[in-house]
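Listed below, chain by chain, are the residues.
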Amino acid sequence: MSQPLLDIQGLRTWFKTDDGMVRAVDGVSMSIAAGETLAVVGESGCGKSVTARSVLKLLDMPPGRFEAGRILWQGRDLIPLPESEMNSIRAREVSMIFQEPMTSLNPVYSVGEQIAESLRLHEKLAPKAAMAAAVEMLRLVQIPNPDRRVHDYPHQFSGGMRQRAMIAMALACKPKLVIADEPTTALDVTIQAQILELLADMKSRFGMAIMLITHAMGVVAETAQRVVVMYAGKVVEEATVEELFGNPRHPYTQGLIRSIPRVDRSAVKQRLEQIPGTVPSLLNPPVGCRFAARCKFATDACRAAEPPLREVAPGHKAACIL
């Protein structure tokens, strides 16, 4: 098997607070191959975005800190790298589409200027050439009248168009990996579908890999090849999309899938299932399986020791003693 593009090994990203140490990411391992789409799913607060930001070291340190683990980018550990070397990797090799474009785009610079900035910095383009490339990127992401809109400001774009502009900015330097942090949040269903279709088109056009951070299982089914399910700062299941939806092994994953509305069962009236309880505090996580308090199958053994993430079928891992 060829070396993965990105290989995260036992990552622990913790945050020091007045109340104690928050174990936001606590021993996470996952990898992404070239050209692959990996979906990372889970409830809000499970550590998805912190994992993504850890890859590019876009965290305030302090209070954040890398307690343990390695982040291997093409075999090179990113954690010990100084800021100057990380800046040569950001946008050029690994880029990120942030969750909320209105707060991620600078309101006092035009959209074209913000796209052109990374081209001037990383591709060493002259200002005029960088702006011409920004126009072309807006055209690629299907912004109407890109020659005119390149001079507009973020507040002059709709929500869907701002997200397209963020995608254009992330892809401007043709990176090998794009981390998309919930790129369809706060968009209506029609625009969500357009954004996902655009990402798929850009992936095939540029041959890049995508790490898709999301909590929408329907999005996962349409876009990803493999899925990593996170809960309370840990990976609880990993499998191909077909295997995960066809035969989920962890009770948390089963609950997520059963909470999805099914069109093929619309004739049968039944309530959607919900997962009872709440996510445990990551200040003082419980001993044993962190999902045990919400799991109907939990036993004393689940509460006594943390179940390891182990292979239960070829290419399918689960952290459950059952």
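For the structure itself, look to the data block above.
Residues numbered from 1 in each chain as written. Predicted model: local features only at pLDDT ≥ 70, side-chain atom pairs only at ≥ 80, totals over all residues. Heavy atoms only, no water.

Here we look at the overall build of the protein chain
Then, in step 1: When helices and strands are counted, the protein chain shows 12 helices and 12 strands.
Then, in step 2: Rg of the C-alpha trace for the protein chain: 21 Å, near the compact-globule value of 20 Å for 322 residues, within the 12% margin.
Then, in step 3: A principal-axis box enclosing the C-alpha atoms of the protein chain has dimensions of 65 × 55 × 45 Å.
Then, in step 4: Counting the 322 residues in the protein chain, one finds 48% classified as buried.
Then, in step 5: Within the protein chain, residue pairs in contact and separated by at least 24 positions form 64% of the contacts whose partners lie at least 6 positions apart.
Then, in step 6: Total accessible area computed for the protein chain in this model is approximately 15600 Å², and 52% of it derives from carbon and sulfur atoms.
Then, in step 7: One finds the centroid of the 37 positive side-chain charges in the protein chain at a distance of 1 Å from the centroid of its 34 negative side-chain charges. (Helix = DSSP H or I, 4+ residues; strand = E, 2+ residues; numbered from the N terminus. Rg over C-alpha atoms; globule rule 2.2 N^0.38 Å. Buried < 20%, exposed > 50% of the residue type's maximum accessible area, 1.4 Å probe, protein only. Contact = heavy atoms within 4.5 Å. Areas by Shrake-Rupley, 256 points an atom, 1.4 Å probe, with all protein chains shown as cover. Lys, Arg positive; Asp, Glu negative; His and termini not counted. Charge placed at Lys NZ, Arg CZ, Asp CG, Glu CD.)

Quick look at the packing of aromatic side chains
Think of a pair of aromatic rings as described by two things: how far the centres are apart, and how the planes are tilted against each other in angle.
Then, in step 1: Within this structure, the stated rule accounts for 3 aromatic pairs.
Then, in step 2: Aromatic pair Tyr231 and Tyr252: ring centres 4.7 Å apart, planes at 55 degrees, arrangement tilted. Taken as a pair, Tyr231 in strand S9 (residues 226–231) and Tyr252 in helix H11 (residues 251–258) lie far apart in primary sequence, 21 residues in all. Residues Tyr231 and Tyr252 agree in their burial class; the two are buried. (Phe/Tyr/Trp six-rings, centres within 6.5 Å; stacked < 30°, edge-to-face > 60°.)

Here's the deal with the nonpolar core
Then, in step 1: Ranked by size, the top nonpolar core spans 37 residues in total, and within it Ile97, Ile115, Leu138, Ile167 and Leu171 carry the most contacts.
Then, in step 2: Mapped onto this core, the elements with two or more residues apiece are helix H4 (111–122), helix H5 (127–140), helix H7 (159–171), strand S7 (177–181), helix H8 (189–206) and strand S8 (209–214).
Then, in step 3: For Ile167, the contacting residues outside a window of four places in its chain are Ile97, Val141, Ile195, Leu198 and Leu199.
Then, in step 4: Membership of the second largest hydrophobic core comes to 36 residues, among which are Phe15, Cys46, Leu59 and Val235. (Core = buried A, V, L, I, M, F, W, Y, C linked by side-chain atoms within 4.5 Å.)

Describing the packing of H4 against H5
Then, in step 1: Taken N-terminus to C-terminus, the directions of H4 and H5 make an angle of 120 degrees; their axes are 8 Å apart at the nearest point. In the crossing of H4 with H5, the sense of the turn from one axis to the other is right-handed. Contacts between H4 and H5 involve Val111, Gly112, Glu113, Ile115, Ala116, Leu119 and Arg120 from the first element and Pro127, Ala130, Met131, Ala133, Ala134 and Leu138 from the second.
Then, in step 2: Taken together, the residues that form the contact of H4 with H5 break down as 10 nonpolar, 1 polar and 2 charged. (Axes fitted to C-alpha atoms, helices over the stretch in contact; angles between N-to-C directions. Left-handed = near helix turned anticlockwise from the far one by under 90°. Nonpolar A, V, L, I, M, F, W, Y, C, P; charged D, E, K, R; others polar.)

Quick word on the pairing of strand S2 (residues 20–32)
Then, in step 1: As defined by bridge partners, strand S1 (residues 6–17) adjoins S2 across 9 bridges and the pair is classed as antiparallel. The residue bridging Arg12 from the neighbouring strand is Asp26, located in S2.
Then, in step 2: Where S1 folds back onto S2 in an antiparallel hairpin, the turn is made up of 2 residues. (Pairing = 2+ DSSP bridges.)

Structural notes on H7
Then, in step 1: With 13 residues, H7 should reach 18 Å at 1.5 Å per residue; the first-to-last C-alpha distance of 19 Å fits that figure.
Then, in step 2: For H7, the complete set of buried residues consists of Gly160, Met161, Arg162, Gln163, Arg164, Ala165, Met166, Ile167, Ala168, Ala170 and Leu171. (Expected span 1.5 Å × (residues − 1).)

Some points on a nonpolar patch on the surface
Then, in step 1: Taken together, the side chains of Phe297, Ile321 and Leu322 present a nonpolar region at the surface, about 300 Å² in accessible area.
Then, in step 2: In this structure, Ile321 sits in the segment after strand S12 (316–318).
Then, in step 3: Ile321 gets classed as partly exposed once you look at its relative accessible area, which sits at 41%. (Patch = residues over 30% accessible without salt bridge, like charges linked within 9 Å, V, L, I, M, F, W, Y side chains within 5 Å. Salt bridge = Lys/Arg side-chain N within 4 Å of Asp/Glu carboxyl O.)

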